[in-house]
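Architecture at a glance
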Amino acid sequence: QSVRPDWKVSVFAVKDGHFPTDDSGFDGWLITGSPASVHDNEDWITDLKDFIRRLEANRKPLFGACFGHQAIAEALGGTVGWNPGGWVFGLVETEMEGRPIRLYAAHIQQVLTLPATARSTGGNVECPIGGFADKLGGRPVMLGALVVSLALAAVMLVTQPSFTVLMALFFF
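Let me begin by describing the structure that accompanies this report. Keep in mind the model is a prediction, meaning the values are calculated, not measured.

Structural notes on helix α2 (residues 67-75)
In terms of burial, α2 is largely enclosed, as 9 of its 9 residues are buried. Among all positions in α2, only Phe67, Gly68, His69, Gln70, Ala71, Ile72, Ala73, Glu74 and Ala75 are buried. A positive phi of about 105 degrees marks Gly77, the residue just after α2.

Here's the deal with a negative patch on the surface
A cluster of acidic residues, Asp40, Glu42, Asp43 and Asp47, forms a negative patch at the surface. Of note, Asp43 is situated in helix α1 (residues 43-57). For Asp43, a relative accessible area of 64% puts it in the exposed group.

Observations concerning the environment of Tyr104
By the secondary structure assignment, Tyr104 is in strand β6 (residues 99-107). Considering only alpha carbons, one finds Tyr104 and Glu93, 11 residues apart in sequence, at a separation of 8.9 Å. Excluding anything up to four places from it in sequence, Tyr104 contacts Gly90 and Leu91.

Comments concerning the packing of aromatic side chains
The full count for this structure, using the stated rule, is 7 aromatic pairs. Seen from their ring centres, Trp29 and Phe51 are 5.2 Å apart, and the 80 degrees between their planes marks the pair as edge-to-face. Linking Trp29 in strand β2 (residues 28-31) with Phe51 in helix α1, this pair joins segments that are 22 residues apart in sequence. Looking at Phe51, the relative accessible area reads 4%, which means it is buried. Measuring from centroid to centroid gives 5.6 Å for Trp44 and Phe67, while their planes differ by 40 degrees, and the two rings are tilted. In this pair, Trp44 sits in helix α1 while Phe67 sits in helix α2, placing the two residues 23 residues apart along the sequence. Each member of the pair, Trp44 as well as Phe67, is classed as buried. Feature note: the residues Phe12, Phe19, Phe26, Trp29 and Phe51 constitute an aromatic cluster, connected by ring pairs.

Side note on the nonpolar core
The biggest cluster of nonpolar side chains holds 23 residues, and the ones touching the most others in it are Trp29, Leu48, Ile52, Leu62 and Phe67. Counting only elements with at least two residues in this core, the list comes to β2, α1 and α2.

Considering the packing of α1 against α2
At a minimum axis separation of 9 Å, α1 and α2 run at an interaxial angle of 70 degrees. Regarding the angle of α1 to α2, the classification is roughly perpendicular. Here the hand of the crossing between α1 and α2 comes out right-handed. Contact residues: α1 offers Trp44, Ile45, Leu48, Lys49, Ile52 and Arg53, while α2 offers Phe67, Ala71, Ile72, Glu74 and Ala75. Taken together, the residues that form the contact of α1 with α2 break down as 8 nonpolar, no polar and 3 charged.

The rules we used
Residues numbered from 1 in each chain as written. Predicted model: local features only at pLDDT ≥ 70, side-chain atom pairs only at ≥ 80, totals over all residues. Heavy atoms only, no water. Buried < 20%, exposed > 50% of the residue type's maximum accessible area, 1.4 Å probe, protein only. Helix = DSSP H or I, 4+ residues; strand = E, 2+ residues; numbered from the N terminus. Patch = residues over 30% accessible without salt bridge, like charges linked within 9 Å, V, L, I, M, F, W, Y side chains within 5 Å. Areas by Shrake-Rupley, 256 points an atom, 1.4 Å probe, with all protein chains shown as cover. Salt bridge = Lys/Arg side-chain N within 4 Å of Asp/Glu carboxyl O. Lys, Arg positive; Asp, Glu negative; His and termini not counted. Charge placed at Lys NZ, Arg CZ, Asp CG, Glu CD. Contact = heavy atoms within 4.5 Å. Phe/Tyr/Trp six-rings, centres within 6.5 Å; stacked < 30°, edge-to-face > 60°. Core = buried A, V, L, I, M, F, W, Y, C linked by side-chain atoms within 4.5 Å. Axes fitted to C-alpha atoms, helices over the stretch in contact; angles between N-to-C directions. Parallel < 35°, antiparallel > 145°, perpendicular 65-115°, else oblique. Left-handed = near helix turned anticlockwise from the far one by under 90°. Nonpolar A, V, L, I, M, F, W, Y, C, P; charged D, E, K, R; others polar.

Okay, structure coming up:
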């Protein structure tokens with residue numbers, strides 16, 4: 001059963017080279033986590049970063065979780081590198097938009113510098129850039145209840161941790 005039955009969701013297995021040929025019919029995009037690194041020398045990662053730049057140029061709403069967050073940052077001019085504190089596993093306390101939240105994390109790399117057009121939306125001492133949004137025109141990448149709905153949809157659609165996908169969203 002869909003979390004948002006009024007939404008139509010398409011899934012693209014980008015790690016297998018499956019990308020949409022046209023993004024004009026989609027209202028928004030979500031890039032999931034992955035066991036891959038944004039620094040891996042894989043064609044699909046290069047293609048994904050090119051796709052992200054095209055989405056940004058077309059001002060398409062875009063949300064990234066974990067690997068997706070890092071891929072968006074790097075594609076738009078930020079940097080991703082090793083977490084100075086090493087691996088992070090489990091429940092972490094952080095904040096988003098000034099509100100404390102607890103999230104599960106599993107990463108050894110993180111966003112170290114923001115793209116020029118971004119502002120930080122939260123993080124913590126160990127991971128200062130835990131989230132970011134576009135600061136041009138005040139357009140957030142995606143925040144609030146929409147993110148919760150997208151995350152729930154992602155959990156329901158992605159059942160294997162080795163599956164990296166790009167989800168296209170239609171809002172009716």
